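Topology and contacts: notes
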Amino acid sequence: MLDATTRSGGTATAASQAATKASPQATTTVPELAAAVPGAGTVPVRLGLTARCARVLLSPWSRFSLLVALLVGAASAVLLFEPQRLLAHGWPPQLGGVAAALVFAVAYGLVTVAFVPRPLLSLAAGALFGSQLGIATAVAGSVLGAGIAFGLGRVLGQDALRPLLRGRVLTTVDGQFSRHGFRSMLAVRLFPGVPFWAANYCAAVSRMGWLPFLLATALGTLPNTAAYVVAGARASTPTSPAFLIAMACIAVPGLAAAVVAWRKRHHLRGR
């Protein structure tokens, strides 16, 4: 009986092996089938509704649309409520000294993200806190606002905008910002006429690091910010040497920038 069973088992095994050799497609796995059929690839997996919604919401252009909506909303709020007037009048009135300076610096940074001109805020800082504390407050607010704008641009806009960096000018600027972040941003901050918000978002699209960006912002905005703060602090005595020196520090770089822009314009026309 054992011999018969063994012989029958062996016969069945031999028969199955023979069938496998005769039709090898019977044991083909799913990846082998996908590879055997031209253009088949892997079998697509259906995503659930939640996964598909998350994929759409986290796409680069969806995040960029969110950034645009945030900036439009912030600019609209500034036009409607004019928070810079509140800052200029010493808001909040119940605070004083260092506490008021800290609140002012935070508000300074937030409204610069919403495109409020920094010179107005720096003049207000000088009028409210004097030269020394006003300079520290305005520079801290500038760095804070630049950091917020840089973070928003890096998280919400970089992935969507980097593929659009084409052409010699854009690729050159991007290369300078990405490879020489500190000195490039320092030059931009020192050169008058470049909008503060524009420099922030251009740097965010590049591959510049956080530390070079913030350090260059702190150092580069210091001279111009100090001039405006001193002018605001000495506005009640417009004939004082400090006020006149501050106004000269504001006017001379602006005039130099205008001359450079005028010469570059004629140089481009000559080409």
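Note that the coordinates shown come from a computational prediction; the quantities given were computed from them, not determined experimentally.

Some thoughts on the overall build of the protein chain
Within the protein chain, the regular secondary structure consists of 12 helices and 0 strands. When the helices and strands of the protein chain are placed in sequence order, the string is α-α-α-α-α-α-α-α-α-α-α-α. For the protein chain, the residues scored as buried account for 30% of the 271 residues in total. Look at the contacts in the protein chain between residues 6 or more apart in sequence, and 73% of them connect residues 24 or more apart. Of the roughly 16,900 Å² of accessible surface on the protein chain, a fraction of 70% belongs to carbon and sulfur atoms.

Structural notes on the nonpolar core
In this structure, Phe104, Tyr108, Val116, Leu121, Phe129 and Ala138 are the most contacted members of the largest nonpolar core, which totals 14 residues. Elements with a contribution of two residues or more to this core: helix H6 (97–113) and helix H7 (118–161). Within the second largest apolar cluster, 12 residues are counted, among which are Phe150, Phe177, Val188 and Ala203.

A word on a nonpolar patch on the surface
Judged by side-chain polarity, Phe182, Leu211, Leu215 and Leu219 come together as a nonpolar surface patch covering roughly 390 Å² of accessible area. Residue Leu215 is classed as partly exposed on the basis of its relative accessible area of 43%.

Points about the pattern of salt bridges
Considering all chains together, one arrives at 2 salt bridges under this definition. With a closest N to O distance of 2.9 Å, Asp159 and Arg63 form a salt bridge. Taken together, the positions of Asp159 in helix H7 and Arg63 in helix H4 (residues 60–81) put the pair 96 residues apart, joining distant regions of the chain. Residue classification places Asp159 among the partly exposed residues on the basis of a relative accessible area of 43%. Linking Asp174 and Arg162 is a salt bridge whose minimum nitrogen-to-oxygen distance equals 2.9 Å. One end of the pair, Asp174, is in helix H8 (residues 168–179); the other, Arg162, is in the loop between H7 and H8, with 12 residues separating them in the sequence. Like Arg162, Asp174 is buried.

With respect to the packing of H8 against helix H9 (residues 181–190)
Direction vectors running N to C along H8 and H9 enclose 115°, while the axes themselves pass 5 Å from each other. Regarding the angle of H8 to H9, the classification is roughly perpendicular. Counting all contacts with H8, which are made through Gln176, Phe177 and Arg179, the residues of H9 involved are Gly181, Ser184, Met185 and Val188. The residue makeup of the contact of H8 with H9, split by class, is 3 nonpolar, 3 polar and 1 charged.

Some remarks on H9
For H9, the set of buried residues is Gly181, Ser184, Met185, Val188 and Arg189. The buried residues of H9 occupy an angular sector of 135° when projected down its axis, which confines them to one face. In the core, the buried residues of H9 are packed alongside H7, H8, helix H10 (196–205) and helix H11 (210–233).

Reading the values: rules and limits
- Residues numbered from 1 in each chain as written.
- Predicted model: local features only at pLDDT ≥ 70, side-chain atom pairs only at ≥ 80, totals over all residues.
- Heavy atoms only, no water.
- Helix = DSSP H or I, 4+ residues; strand = E, 2+ residues; numbered from the N terminus.
- Buried < 20%, exposed > 50% of the residue type's maximum accessible area, 1.4 Å probe, protein only.
- Contact = heavy atoms within 4.5 Å.
- Areas by Shrake-Rupley, 256 points an atom, 1.4 Å probe, with all protein chains shown as cover.
- Core = buried A, V, L, I, M, F, W, Y, C linked by side-chain atoms within 4.5 Å.
- Patch = residues over 30% accessible without salt bridge, like charges linked within 9 Å, V, L, I, M, F, W, Y side chains within 5 Å.
- Salt bridge = Lys/Arg side-chain N within 4 Å of Asp/Glu carboxyl O.
- Axes fitted to C-alpha atoms, helices over the stretch in contact; angles between N-to-C directions.
- Parallel < 35°, antiparallel > 145°, perpendicular 65-115°, else oblique.
- Nonpolar A, V, L, I, M, F, W, Y, C, P; charged D, E, K, R; others polar.
- Arc of directions from axis to C-beta.

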